[in-house]
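Now for the letters of each chain:
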Amino acid sequence: MTEPRPDRPARARRLRLALVLVGIVLALSAGLSWLNRRTLAREALTGWLTARGIASEAEVYAVGPTTFAARLRIGDPGAPDFNAERVEVRYRARLSGLEIISVTLTKPVLRASLKGGRFSVGALDPIVTEMLRRPAPPKAPRFVVEGGRLLLGTEAGPVDLTADAVMADNRLVSLRASTAPMRLKRPGLDVAAGAGALTLVTRGGRMDLSLTAPIAVATASGKTGAVRLREARATLTAEAPYPDLARASLSGPLSGRVQLTAGRVESQGRSLDGVDMAAAFRGQVRGGVSDLALSGSATADLLARTGAAAGLASGRLRVTASAPDLRWTRRGGDEVAGTARIGADLDRVTAAALRLSALSLSAAGPVSVAQTKVTTDLMLTARGRGAWDGLGAPASADAPEMLALRRAARSFAFTAAAVKLQVDDGVAVGLPQPVRLVSDSGVAASLSGARGQPVVGPGGGAFQFTAVGGGLPRLDADVSRLTLSDDGAIAEGRVRVAGSFGVVRDADLDASGQLRIGGGDVSFAGARCAAVNVRRLEFGVNDIEALAGRLCAVRFRMQDAGWSLAARAEGLSAAAPFAQVRVDRGALDLTAGPGLGGLALKARIGQGRLSDSSPQPRFSPVTLGGDVTLGNFLWRADLSARQPGGGEIGRARLAHDMDLGVGFVVLDTGLLTFKSEGLQPGVLAPAAAALGSPVTGAVRFQGRFDWARDGASSQGSLSIPGLDFQSAAGAVTGLKGEVVFSSLAPLVAAPGQRLDIASIAGIVPITDLHARFELAENLLKIAGGEAVVGGGKVRVESLEYPLTAGAAMRGRLVFDGVQLHDLVEASPFGDKVELDARVSGRVGFEALGSKVRITGGELKAIQPGRISIDRAALTGVKAEGAVSGPAGVDKAVDEVIDPNVTFTDFAYQAMENLAFDTLTATLASRDDSRLGVLFHIVGKHDPPTRQRIRLSVLDLIQRRFLGRTLPLPSGTGVNLTLDTSLNLDDLLADYAEYQRARAGSATVQP
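Quick caveat, the model's predicted, so the values are computed rather than measured. (Residues numbered from 1 in each chain as written. Predicted model: local features only at pLDDT ≥ 70, side-chain atom pairs only at ≥ 80, totals over all residues. Heavy atoms only, no water.)

Draft legend 1. Highlighting the overall build of the protein chain. If you tally the helices and strands in the protein chain, you get 9 helices and 57 strands. Buried positions account for 38% of the 1006 residues belonging to the protein chain. Long-range pairs, those at least 24 residues apart, make up 50% of the contacts in the protein chain between residues at least 6 apart in sequence. (Helix = DSSP H or I, 4+ residues; strand = E, 2+ residues; numbered from the N terminus. Buried < 20%, exposed > 50% of the residue type's maximum accessible area, 1.4 Å probe, protein only. Contact = heavy atoms within 4.5 Å.)

Draft legend 2. Structural detail: the state of the cysteines. Within this structure, the stated rule accounts for 1 disulfide. Between the sulfur atoms of cysteine 529 and its disulfide partner cysteine 552 the distance amounts to 1.9 Å. Residues cysteine 529 and cysteine 552 share a disulfide whose torsion about the S-S bond is about 115°; that sign makes it right-handed. One end of the pair, cysteine 529, is in the loop between β31 (521-526) and β32 (530-537); the other, cysteine 552, is in strand β33 (residues 544-559), and 23 residues separate them in sequence. Residue classification places cysteine 552 among the buried residues on the basis of a relative accessible area of 5%. (Disulfide = S-S within 2.5 Å.)

Draft legend 3. Region of interest: the side chain of threonine 219. With respect to the helices, strands and loops of the structure, threonine 219 is situated in strand β12 (residues 206-222). Setting aside residues up to four positions removed in sequence, threonine 219 forms contacts with Gly188, Leu189, Asp190, Ala226, Val227 and Arg228.

Draft legend 4. How the structure looks around the side chain of serine 714. As for its placement among the helices and strands, serine 714 is situated in strand β43 (residues 711-727). For serine 714, the side chain forms a polar contact with the main-chain nitrogen of leucine 744, separated by 2.7 Å. (Polar contact = N/O pair within 3.5 Å; in protein donor to acceptor, adjacent residues only side chain to side chain.)

Draft legend 5. Geometry of the environment of leucine 859. Mapped onto the elements of the fold, leucine 859 is located in strand β52 (residues 851-861). Separated by 43 residues in sequence, leucine 859 and aspartate 816 have C-alpha atoms that sit 9.7 Å apart. Setting aside residues no more than four positions away along its own chain, leucine 859 makes contact with Phe815, Val839, Ser840, Gly841, Val843, Leu919, Thr920 and Ala921.

Draft legend 6. Representation of the pairing of strand β47 (residues 779-789). As defined by bridge partners, β47 adjoins strand β48 (residues 792-802) across 8 bridges and the pair is classed as antiparallel. Its bridge partner being in β48, alanine 787 is matched across the sheet by valine 794. As consecutive antiparallel partners, β47 and β48 are separated by 2 residues, and within that stretch glycine 790 has a phi angle of approximately 55°, a positive value. (Pairing = 2+ DSSP bridges.)

Draft legend 7. Looking closely at the pattern of salt bridges. Overall, the coordinates contain 42 salt bridges when judged by the stated rule. A salt bridge links glutamate 57 to arginine 73; the shortest N-O distance between them is 2.8 Å. Taken together, the positions of glutamate 57 in strand β1 (residues 56-63) and arginine 73 in strand β2 (residues 67-74) put the pair 16 residues apart, joining distant regions of the chain. With its nearest N and O atoms 2.6 Å apart, the salt bridge here joins aspartate 190 to arginine 183. Salt bridges sharing common partners tie together Glu57, Glu59, Arg71 and Arg73. (Salt bridge = Lys/Arg side-chain N within 4 Å of Asp/Glu carboxyl O.)

Draft legend 8. Seen up close, the nonpolar core. With 88 residues, the main nonpolar core has Phe674, Leu723, Met911, Leu919 and Ile937 as its most contacted residues. Apart from residues lying up to four places away in sequence, phenylalanine 674 is in contact with Leu679, Gln680, Pro681, Leu684, Val695, Thr696, Gly697, Ala698, Val699 and Leu723. The next biggest cluster of nonpolar side chains, apart from the first, holds 63 residues, and it includes Phe68, Met207, Ala218 and Leu260. (Core = buried A, V, L, I, M, F, W, Y, C linked by side-chain atoms within 4.5 Å.)

Draft legend 9. A look at the pairing of strand β51 (residues 838-848). Direction of pairing for strand β49 (residues 809-819) relative to β51: antiparallel, over a ladder of 9 bridges. Bridging across to β51, arginine 810 finds its partner in glutamate 846. Examined bridge by bridge, β51 and β52 share 10 bridges and lie antiparallel to one another. Bridging from a neighbouring strand, serine 840 pairs with lysine 860 of β52.

Draft legend 10. Broad picture of the confidence of the model for the protein chain. For the protein chain, per-residue confidence averages 79 on the pLDDT scale, and 81% of positions sit at 70 or higher. The lowest-confidence element of the protein chain is helix α6 (residues 891-896), averaging 43 in pLDDT; the highest-confidence one is strand β25 (residues 435-439), averaging 92. Long-range and interchain partners of residues 885-901, a stretch whose pLDDT sits below 50, account for 11 contacts in this model, where long-range means more than four residues apart. Considering only residues more than four positions removed or in separate chains, one finds that residues 1002-1006, a stretch of pLDDT under 50, has 0 contacts. (pLDDT = per-residue confidence, 0-100.)

Draft legend 11. Structural detail: the packing of aromatic side chains. Taken as a whole and judged by the stated rule, the model has 1 aromatic pair. Note on phenylalanine 701 and phenylalanine 741: the rings are 6.5 Å apart at their centroids and 55° apart in plane angle, and the pair reads as tilted. In this pair, phenylalanine 701 sits in strand β42 (residues 692-708) while phenylalanine 741 sits in strand β44 (residues 730-744), placing the two residues 40 residues apart along the sequence. Classification of phenylalanine 701 as partly exposed rests on a relative accessible area of 22%. The residue whose ring lies beneath arginine 704 is phenylalanine 664, and the NZ or CZ to ring-centre distance is 4.5 Å. (Phe/Tyr/Trp six-rings, centres within 6.5 Å; stacked < 30°, edge-to-face > 60°. Lys NZ or Arg CZ within 6 Å of the ring centre and 35° of its normal.)

Draft legend 12. Local environment of unusual backbone geometry. Its identity is not glycine, yet arginine 348 carries a phi of approximately 55°, on the positive side. Of note, arginine 348 is situated in strand β20 (residues 335-351).

Draft legend 13. Structural context of the environment of arginine 341. Of note, arginine 341 is situated in strand β20. Residue classification places arginine 341 among the partly exposed residues on the basis of a relative accessible area of 45%. For the pair arginine 341 and leucine 380, spaced 39 residues apart in sequence, the C-alpha to C-alpha distance is 9.9 Å.

Draft legend 14. Structural context of a nonpolar patch on the surface. On the surface, Trp328, Val336, Val369 and Val374 cluster together into a nonpolar patch covering about 270 Å² of accessible area. When its relative accessible area of 36% is taken as the criterion, valine 374 is described as partly exposed. (Patch = residues over 30% accessible without salt bridge, like charges linked within 9 Å, V, L, I, M, F, W, Y side chains within 5 Å. Areas by Shrake-Rupley, 256 points an atom, 1.4 Å probe, with all protein chains shown as cover.)

Draft legend 15. Quick look at the environment of methionine 182. Its place among the elements puts methionine 182 in strand β9 (residues 182-186). Take methionine 182: its relative accessible area is 18%, and that puts it in the buried class. Residues contacting methionine 182, with those up to four places away along its chain left out, are Pro158, Val159, Val191, Ala192 and Ala193.

Right, dumping it as structure tokens:
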């Protein structure tokens, strides 16, 4: 409860009694003057004051039956408390004594003080105290003050007031006063005011009040800050009931208007220029000082030419407020309550890069202020148009999404249809309806409350935010908790971004964490790993596709003009089709911040699996690691490649200029050394698996990729100082050469490439093998290669080896004087066939996997030779031709022998021991996958022991030779065409098994 404060009416009574006292003193002196004229009157007046301990001096001008005039001074002569040039008292005689009719003070000066809440009139205080103890007289004289002056000393400074006043029957009839310019200063208040004016006129029980106060500078400060007025002028007009000073009460209707104009108003970084503020009120007032109550209505208007607040500035602004049911009471403490209706219109509002061409606000609801506690329950609306220049003006070089973002920021409209503001023990802001923003370019954004919770509240808040359209990615933010404090704000929740932006196409980011804002500091800490998926990063023809991964331990901070980002990326995967490579299982630690070009970044790749995605893989997967930096628009990387779980096998150095869109990467394996118990080529490249283990020797690969916005190129070289390995044809020794690639994606080697092999320890020794080849469109073309085989040469007329899965190898070989003896001897059928033949010819073939098909070929012996084929190997042979015996054989034999039986038998015998002059073999695979061989042989039967047919005449007559095998005579001429077939697939499988067994036995140590 507030204690009663009777000081205000007491001060007024003391001032009134001081004036009355002066009148009584003068009346007393007038009565005495009749007895002793002027001297006696003067002595009586000063004596009466002296008896009360008050020094005084009086000069009587005139004494008459109804009038007394004198000059009077009371108090210290050097600084009197009261001094009047002329005091005129009019009176009349009554049986009971003198009745004072009026007292007129001309140019009186009264010195008083108001300090520590106590009003004092100096030397007159004892008389004032004495008079206060007496009851008020039933009828008081009329008092007139002409040109009066009050010199009031206060704790803030002196006040000099000049006034004309009239009082009658203890009531103020009129008062016209003015103040001299003054400076009042005390803790929390500093006022430099000009000459003010006060007018008060009473009629019956009412008074009209008018006050004007020019203020040069005024500053009021408190716990909430300071308010300063410059070049201000305050006016007050009011019509109110006249107070009953005796009872210290006021009752009746009240109306009035307050107006303040100011050149500038400042408060805590906020300011208004050209201010014109007016308030009007109307109502009823009743009660005393301690229980005063007012009810009625009030309106207020604020106009300002410009305004500014904490980085926000506006042009013309107008605020209107009204309270139709305003209530103010002092009972139990000051309290103001009512239903407030507030409206505001602002033009040209700016806040940093934000510009609002128009802003309209309105609010309505109950408001109460009880001492220092404010309680409200307002419903607010807002609408406006504006632009944000933080992204700069659109430029022709902008990416489509950046252009869309800049266009969206250039012009937009927003509407807040319903914002609920509640103030009690704290501030709560709710959104019964979403706040919507729509740009002229089509972006639609919405901010809404979440699950019935306030957006801002004492226990925290929650909201949802979405933005979509206008060519921008979709943004969805769900803030599950928003906490505001004196230090700033903390938001916890989840955000998801989906769409395209800049070089990013069809991205999806899902993150959650905590955002802190306060003291110019913004920070974000991820609560979990954020999933990232990007369909494509567009770099012209050098796109990166299917980028995916997780961003973990994200830490972002922005303070003043600086910012920093730290994060760890895990599970990264991406594909680079232009280089036909893919990265999986990537992990890196990165830091980023501002730098030349706008961004500086450092990343250390801890691991990453790089694999080949070409149709015919060029290398086996490797693990990447190294450092990546970005600064001044330039990407740089220094990476090493390792075998999974092994040592380094190469390095890559990359540079990319983001501004120009050009870049390169240089690859170098260094000299890779292969050992039987160490690194093997098949581990590095699938194609090298054809080099059978163990492989010994060394190779080096160097390559380079270059790219620009309009395309990419690549080149490289493979140097082979020397390699030894086991091939399907036998042990290869001394493979040397250098392969120059004009493209690495796809793999292309220019014509004229050459490789040399010292020897191949195959079925027959192969030496001095040379091959010329080219590689284009995933096809290895070999031409002009040759090798020394069996004393002759085998040349590659053409060979096409596709590097794509599922395609067949095709070729044609040219044989020139090749001796087949050792080749047949080492073959799986060497125990059934002996062949001494030097042949020449051509053979075409196709191979797919382990299947080989002869597409056509012919071999022809270039000199006589011998052939011996076991009869068992010629099962199913069809023979045509002639077997003619030597001279002297009995013709009767020919007549009696059945040619259908004996010829085939003779053909078998001839093939077991045949010396030929002519041998040709035509080769072609058949539909049943067997290899058909058509031999044409011209020669003679030449067994190691001479043979002849011996038959008697009786044997011929009795046909005793039937059912018997007849020997083919030596020297029998042979001209045969043999049509046979071989299961080539089985023969090749047997040969491959033989070679594997042979290679295995070669590695056995004695």
